Amino acid sequence: MADGDIVLGANQYGKAECRLVRIDRDTPVHRITDLTVTAQLRGDFTDCHTHGDNSQVVATDTQKNTLYAFAREHGIATPETFLMTLGSHFVTGFPWVTGGRWEAQVHAWDRIVAGDGEHDHSFVRRGDEVRTTVVQKDGDATWVVSGLSGCTVLKSTGSEFSGFPRDRYTTLAETDDRIMATSVTAWWRYAPQTQAELEELDFDGLHAAVRAALLSTFADVHSLALQQTLFAMGRRVLEDHPEIAEIRLSCPNKHHFLVDLAPFGLDNPGEVFLAADRPYGLIQATVTREGQPEVPQAWATVPAFA
C-alpha cells in the first residue's frame, strides 16, 4: 500500500481523570461535590497528527485549567449541566472543534452524624458506588447518558434458578431458593438532543428516582433468573420516566455457595456461604422502547457493556 493511501481516522484527545472537589460555602451547612472528569475534543486535528502542526491544538493543560475555572465561575449544580457548559465553551470558542466527549464520575460523601444530628462540614466517603455521566456534542446536537456503577445489591431469598438445559458438562444443581447478589452498572440515555431541552431536566431528581426504581424492582421481583430481574428493572425505569429513551444494564452474578459443614458434624440450613469473586456469570442487556431509533453517537465510547 502506498503512503498516499494511509489517512487519519476517527480521533479525539483531552485531559483524563482530572480530580475536582468543590465546597459550596454559601451557608454554614457546606456541600461537597467530588468529581473525576475526563474531557476530550473532536474536530479538525489532522495537521497535528500528520505534520506535527499544533496551531489548532487546544492543550490538554488548557482543558484541565478550564475545568477548574468553570467550577469556580459556574458552580456544579449537577454533573450533567456542568459538563454541558464545559462542552459548549470548547465547541463555540474554537471553530475547528466540532464536538467532544466529557465524562464525570461522582464520588458520594455522606454527612457524619455527630451530637444531635448531621454535622455541618464533616463527611464520610460512601462505599464504591459512583454516579456517572457522559456528555457528547456534535455540532448543535448534544447527548447525555447518565448512570451508576458499583451499586452492590443482595437478596437473601426470593430468587431461584431451574429448568436450564443439562448435558454431560452440567454440574450446577437446580434451586428454588438462593442468594442473588450483583453489582449494578446502569447507563440511561435522556431523550432530548438539544442542550436547551436537556437543561430543563432535573438531573439530580431523575438520578435519585431511577436509582430507587432499580433497587425497589430488584427487591420486589421474585426472580427466576437474573436476566428476568434485569429486564424488569429496565422496564420499570422506562415506564416511570418518559424523559429516558433507553437503558443499558450490566450485572455480574456475585455467587454465594452454600458451605458443606457435614464433615464437622453440622447442618447448614442456608446460613453459611462462601462468597466467590470469580469466575462469575455476566448478564447484560439493553431495554428500550419499541420503535425507538438507535442513536450511536450518544453511546460512542460509553462503556455500557464493558
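Look up: the structure comes first, before these words.
Residues numbered from 1 in each chain as written. Predicted model: local features only at pLDDT ≥ 70, side-chain atom pairs only at ≥ 80, totals over all residues. Heavy atoms only, no water.

**Let's talk about the overall build of the protein**
Point 1. Within the protein, the secondary structure is distributed over seven helices and 10 strands.
Point 2. Dimensions of the protein along its principal axes, counting C-alpha atoms only, are 75 × 70 × 40 Å.
Point 3. Relative to its 306 residues, the protein shows a buried fraction of 42%.
Point 4. In the protein, 66% of the contacts between residues at least 6 apart in sequence involve partners at least 24 apart.
Point 5. Taken as a whole, the protein presents about 16,700 Å² of accessible surface, with 52% of it coming from carbon and sulfur.
Point 6. Distance between charge centres in the protein, computed from 26 positive and 42 negative side chains, equals 3 Å. (Helix = DSSP H or I, 4+ residues; strand = E, 2+ residues; numbered from the N terminus. Buried < 20%, exposed > 50% of the residue type's maximum accessible area, 1.4 Å probe, protein only. Contact = heavy atoms within 4.5 Å. Areas by Shrake-Rupley, 256 points an atom, 1.4 Å probe, with all protein chains shown as cover. Lys, Arg positive; Asp, Glu negative; His and termini not counted. Charge placed at Lys NZ, Arg CZ, Asp CG, Glu CD.)

**Details of unusual backbone geometry**
Point 1. Cis geometry marks the peptide bond from R278 to P279, where omega comes out at -5°.
Point 2. On the secondary structure map, P279 appears in the loop between β9 (273-275) and β10 (282-288).
Point 3. Backbone geometry at E17 places phi at a positive 55°, although glycine is not the residue there.
Point 4. By the element assignment, E17 lies in strand β1 (residues 13-24).
Point 5. The backbone of T301 shows a phi angle near 70°, a positive value even though the residue is not glycine.

**Some remarks on the pattern of salt bridges**
One side chain can pair with another of opposite charge once the charged atoms of both are near each other.
Point 1. For the coordinates displayed, the defined rule picks out 13 salt bridges.
Point 2. A salt bridge links R19 to D34; its shortest N-O distance comes to 2.8 Å. Of the two residues, R19 is situated in strand β1 and D34 in strand β2 (residues 31-43); the sequence distance between them amounts to 15 residues.
Point 3. The exposure class assigned to D34 is buried, which follows from its relative accessible area of 2%.
Point 4. Here R248 ties to E246 by a salt bridge, and the two come within 4.0 Å at their closest N and O atoms.
Point 5. E246 gets classed as buried once you look at its relative accessible area, which sits at 6%.
Point 6. Members of the salt-bridge network, linked through shared partners, are R22, D24 and R31. (Salt bridge = Lys/Arg side-chain N within 4 Å of Asp/Glu carboxyl O.)

**A closer look at the environment of V58**
Point 1. Here V58 is to be found in the loop between α1 (46-51) and α2 (60-73).
Point 2. Through-space distance from the C-alpha of V58 to that of F94 is 8.5 Å; in sequence the pair is 36 residues apart.
Point 3. With residues near it in sequence (within four places) discarded, V58 still touches Y13, L41, Q63, F90, F94 and W96.

**Observations regarding the layout of surface pockets**
Point 1. Empty space within the largest pocket amounts to approximately 720 Å³.
Point 2. Listing elements by their share of the lining of the largest pocket, those giving two or more residues are β6 (180-190), α6 (226-240) and β8 (256-258).
Point 3. Grouping the amino acids of the lining of the largest pocket by side-chain chemistry returns 11 nonpolar, nine polar and four charged.
Point 4. Empty space within the second largest pocket amounts to approximately 540 Å³.
Point 5. Forming the walls of the second largest pocket are 24 residues, and the residues nearest its centre are V106, A108, W109, R126 and R131.
Point 6. Contributions of two or more residues to the lining of the second largest pocket are made by β2, β3 (97-114), β4 (117-138) and α5 (203-220).
Point 7. For the lining of the second largest pocket, the class distribution of residues is 11 nonpolar, five polar and eight charged. (1 Å grid on protein atoms, 1.4 Å probe; cavity = no way out; pocket = protein on both sides within 12 Å on 5 of 7 lines; lining within 4 Å. Points joined across faces, edges and corners; volume = space filled by probe spheres on them. Nonpolar A, V, L, I, M, F, W, Y, C, P; charged D, E, K, R; others polar.)

**Digging into the sheet that holds strand β7 (residues 244-252)**
Point 1. Judged by pairing direction, the sheet is antiparallel, and its eight strands sit side by side in the order β1-β2-β3-β4-β5-β6-β7-β10 without closing on themselves. This sheet does not close on itself; its edge strands, each paired only once, are β1 and β10. Adjacent strand axes in the sheet meet at a mean angle of 20°, parallel and antiparallel pairs treated alike.
Point 2. Contacts between helix α3 (residues 79-93) and the sheet are confined to β1, β2, β3, β4 and β5 (141-155), with β3 contributing the most and set at about 150° to the helix.
Point 3. Taken strand by strand, α5 contacts β4, β5, β6 and β7, and its axis lies near 35° from that of β5. (Pairing = 2+ DSSP bridges. Axes fitted to C-alpha atoms, helices over the stretch in contact; angles between N-to-C directions.)

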